[in-house]
Amino acid sequence: MTPASAASRIKDIADFEGIRENQLIGYGLVVGLNGTGDSLNNSPFTQQSLQAMLERLGVNTRNVDLNTDTVAAVMVTANLPPFSTQGTRIDVNVSALGDSESLQGGTLLVTPLVGADGEVYAIAQGSVAIGGFSAQADAASVVRGVPTSGRIANGALVERELDFQLASLTTLRLALRNPDLTTARRVALSINELIGLPTAEPLDPATVRLDLPQRYDGNIVDLLTDIEQLIVEPDLAARVVIDENSGIIVMGQDVKVSMVAVAQGNLTVTIAETPQVAQPLPFANGETVVVPRSEVSVNEDGATKLAIVPETVTLKQLVDGLNALGIGPRDMISILQAIKASGALQAEIEVL
């Protein structure tokens, strides 16, 4: 039986230059809340925005003391998909900016969404759907999920298109999501084999440059469609990822270890307090006192002998050798770090 292959499509391990999303952001107001909006005294920006909006609608409130809890200031974010055309709709996320308790039942008013260049690319508006709720009574309250953030499906209308002419390109670059020299070279060789000409060249561990052949001139979409379906086996450096907070250990396929001897033991110190009450004899003018009684014990559990972790060739042999020690993930983390410090672990350790 042959081992399972980890080959992937170029479509799944690399991105084409220019074919990417763009992040949008905007500031707006959510109205129609059932008493869960911002308190205008603590959120002056909400009051200023409300007054400015009413003035644009012809209502003068500059000298009026507003006191409403049905309005909340929010930040609106969205991702503009590549090659989005005018009139298409995208989803938006809405998050409270002030001290609003919940956005449930609210409606987002017209909010321009701008890109990194400050230009407006979409307009958002609609009813906010939240994934949590909050309920409060005189002596108790219940909050589930996050009621101060929500989402509007198809809540924004694209008003401006990104000027990117893919068909006019003569040179294109592929960006690897996990940079690696070997993977970049394999991608270039696979593309050259498809085209039959040395048109692809790896520039660095993360970039492969592709010169458009003449027979694909003006029809780059066909070329990219063929390239993204090519199968390439990615190659990554040996790495051990450790999350000490949750005790998770993830080891890559190429992690190897030289033969080492490991001894592991847990030292436990137990302190037990047993206070006793001492009372004076009758008619003895004494006082009742508490006399402390402490008992300290030391116990060392775990392996008391050296255990041999043999030199490994495959990841399975390494896992079997470490599991033979009979220890938990927490101690396994310390052992892997000690093996790395001894120089016997041929892998990089990354602690999250």
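Anyway, here's the lowdown on the structure attached to this text.

What counts and what doesn't
- Counting of residues starts from 1 at the beginning of each chain's written sequence and follows it residue by residue.
- Local features in a predicted model are, by the rule used here, given only for residues with pLDDT of at least 70; side-chain atom pairs are given and counted only at 80 or more, and totals for whole chains, interfaces and linings are based on all residues.
- As a convention, hydrogens and water are excluded, and side-chain values are obtained from all of the structure's heavy atoms.
- Helix numbers and strand numbers start at the N terminus; a helix is a DSSP run of H or I with at least 4 residues, a strand a run of E with at least 2.
- Using a 1.4 Å probe on the protein chains alone, a residue whose accessible area is under 20% of its type maximum counts as buried, one over 50% counts as exposed, and one in between counts as partly exposed.
- Note on areas: these come from Shrake-Rupley sampling with a 1.4 Å probe, and a residue is covered only by the protein chains present in the view.
- A pair of strands is labelled paired if DSSP reports no fewer than 2 bridges between them.
- Helix axes use the C-alpha atoms of the stretch in contact, all axes being lines fitted to C-alpha atoms, and the angles between their N-to-C directions lie in the range 0 to 180 degrees.
- Two residues form a contact once any of their heavy atoms are found within 4.5 Å.
- Salt bridge, as used here: a side-chain nitrogen of Lys or Arg that lies within 4 Å of a carboxyl oxygen of Asp or Glu.
- Working definition: rings of Phe, Tyr and Trp (its six-membered ring) pair if their centres are within 6.5 Å, and the pair is stacked with planes under 30 degrees apart, edge-to-face with planes over 60 apart, and tilted otherwise.
- Any Lys NZ or Arg CZ found within 6 Å of a ring centre and within 35 degrees of that ring's normal is scored as a charge over the ring.
- For a helix, the expected span equals 1.5 Å multiplied by the residue count minus one.
- Distance and chemistry together define a polar contact, namely a pair of N or O atoms within 3.5 Å, with one atom able to donate a hydrogen and the other to accept it when in protein, and with adjacent residues in sequence counting only for side-chain atoms on both sides.
- The pocket and cavity definitions rest on a 1 Å grid over protein atoms only: a 1.4 Å probe that fits but cannot leave marks a cavity, an open set with protein on both sides within 12 Å along at least five of seven lines marks a pocket, and residues lining either have an atom within 4 Å of a point.
- Grid points are joined across faces, edges and corners, and a volume is the space filled by probe spheres set on the points.
- Each residue gets one label: Ala, Val, Leu, Ile, Met, Phe, Trp, Tyr, Cys and Pro are nonpolar, Asp, Glu, Lys and Arg are charged, and the others, such as Gly, are polar.
- Nonpolar cores were defined as sets of buried Ala, Val, Leu, Ile, Met, Phe, Trp, Tyr and Cys residues, with membership established by side-chain atoms within 4.5 Å.

1. What about the overall build of the protein?
Part 1: Assigned secondary structure in the protein consists of six helices and 26 strands.
Part 2: Out of the 352 residues belonging to the protein, those deemed buried represent 31%.
Part 3: Entry remark: accessible area of the protein is about 21,600 Å², with carbon and sulfur atoms responsible for 51%.

2. Overview of the sheet that holds strand S26 (residues 348–351)
Part 1: Within the open sheet, the three strands sit side by side as S17-S16-S26. Their pairing is mixed. Because the sheet does not close on itself, it has two edges, and the strands there are strand S17 (248–251) and S26. Adjacent strand axes in the sheet meet at a mean angle of 15° when their direction is disregarded.
Part 2: The strands touched by helix H6 (residues 329–342) are strand S16 (239–243), S17 and S26; relative to S26, the strand with the most contacts, the crossing angle is about 135°.

3. Here's the deal with the pattern of salt bridges
Part 1: Going through the model one piece at a time under the given rule, you end up with eight salt bridges.
Part 2: Measuring nitrogen to oxygen at the nearest pair gives 2.9 Å for the salt bridge that ties Glu201 to Arg209.
Part 3: Under the relative-accessibility criterion, Arg209 is labelled partly exposed at 30%.
Part 4: Between Glu350 and Arg239 there is a salt bridge whose closest N-O contact spans 3.5 Å. Of this pair, Glu350 sits in strand S26 while Arg239 sits in strand S16, placing them 111 residues apart in sequence.
Part 5: Accessibility expressed as a relative area gives 34% for Arg239, which makes it partly exposed.
Part 6: The network of salt bridges with shared partners includes Arg239, Glu348 and Glu350.

4. A word on the sheet that holds strand S13 (residues 200–204)
Part 1: Read from one edge to the other, the open sheet built from four strands follows the order S2-S12-S14-S13, with strand pairing classed as antiparallel. Edge positions in the sheet fall to strand S2 (14–16) and S13, since each of these pairs with one other strand and no more. Sheet twist, expressed as the average angle between the axes of neighbouring strands with direction ignored, equals 25°.
Part 2: Across five bridges, strand S12 (residues 171–176) lies against strand S14 (residues 207–211) in antiparallel orientation. Within S14, the residue paired with Thr171 across the bridge is Asp211.
Part 3: Against the sheet, helix H3 (residues 181–195) engages S12, S13 and S14, with an angle of about 165° to S13.

5. Re the side chain of Ser190
Part 1: Relative to the elements of secondary structure, Ser190 occurs in helix H3.
Part 2: Exposure remark for Ser190: the relative accessible area of 14% places this residue in the buried category.

6. Topic: the packing of aromatic side chains
Part 1: Tallying each qualifying case throughout the model produces zero aromatic pairs.
Part 2: The ring of Tyr121 has Arg160 lying over it, and the distance from NZ or CZ to the ring centre is 5.6 Å.

7. Points about H3
Part 1: Across its 15 residues, H3 extends 21 Å between first and last C-alpha, which sits within 8% of the 21 Å expected from 1.5 Å per residue.
Part 2: Among all positions of H3, only Thr183, Ala184, Val187, Ala188, Ser190, Ile191, Asn192 and Ile195 are buried.
Part 3: Two or three places before Thr182, at the start of H3, stands the capping residue Asp180, its side-chain oxygen 3.0 Å from that residue's backbone nitrogen.
Part 4: Trailing H3 by a residue or two, Gly196 shows a phi angle of about 90°, which is positive.

8. Quick word on the layout of surface pockets
Part 1: Of the voids in this model, the second largest pocket is the one considered here, and its volume is about 210 Å³.
Part 2: Only strand S3 (22–31), helix H2 (44–56) and strand S6 (107–114) provide two or more residues apiece to the lining of the second largest pocket.
Part 3: Considering only residue class, the lining of the second largest pocket consists of eight nonpolar, three polar and one charged.

9. Remarks on the nonpolar core
Part 1: One finds Ile10, Leu174, Val187, Ile191, Leu210 and Ile227 to be the most contacted residues of the largest nonpolar core, which totals 24 residues.
Part 2: For this core, the elements supplying multiple residues, two or more each, are helix H1 (10–13), S2, S12, H3, S14 and helix H4 (220–228).
Part 3: Among the elements that make up this core, the one with the highest residue count is H3 (five residues).
Part 4: With near-sequence residues (within four places) excluded, Ile227 lies in contact with Ile10, Phe16, Leu174, Ile191, Leu194 and Leu210.

10. Things to note about H6
Part 1: End to end, H6 covers 20 Å across 14 residues, agreeing with the expected 20 Å (1.5 Å per residue, within 8%).
Part 2: Listing the buried residues of H6 in full gives Met332, Ile333, Ile335, Leu336 and Ile339.
Part 3: Phi turns positive, to about 85°, at Gly343, one or two residues after H6.

11. Quick word on the environment of Pro205
Part 1: Following the sequence through the fold, Pro205 ends up in the loop between S13 and S14.
Part 2: Overall, Pro205 belongs to the partly exposed group, its relative accessible area being 32%.
Part 3: When the C-alpha positions of Pro205 and Leu181 are compared, they lie 4.3 Å apart, and in sequence the two are 24 residues distant.
Part 4: If sequence neighbours within four positions are ignored, Pro205 has contacts with Leu176, Pro179, Asp180, Leu181 and Ala184.

12. Remarks on unusual backbone geometry
Part 1: Phi angles above zero are rare outside glycine, and Phe83 is one such case at about 60°.
Part 2: Its location among the elements puts Phe83 in the loop between strand S4 (71–80) and strand S5 (89–96).
Part 3: For Phe83, a relative accessible area of 44% corresponds to the partly exposed category.

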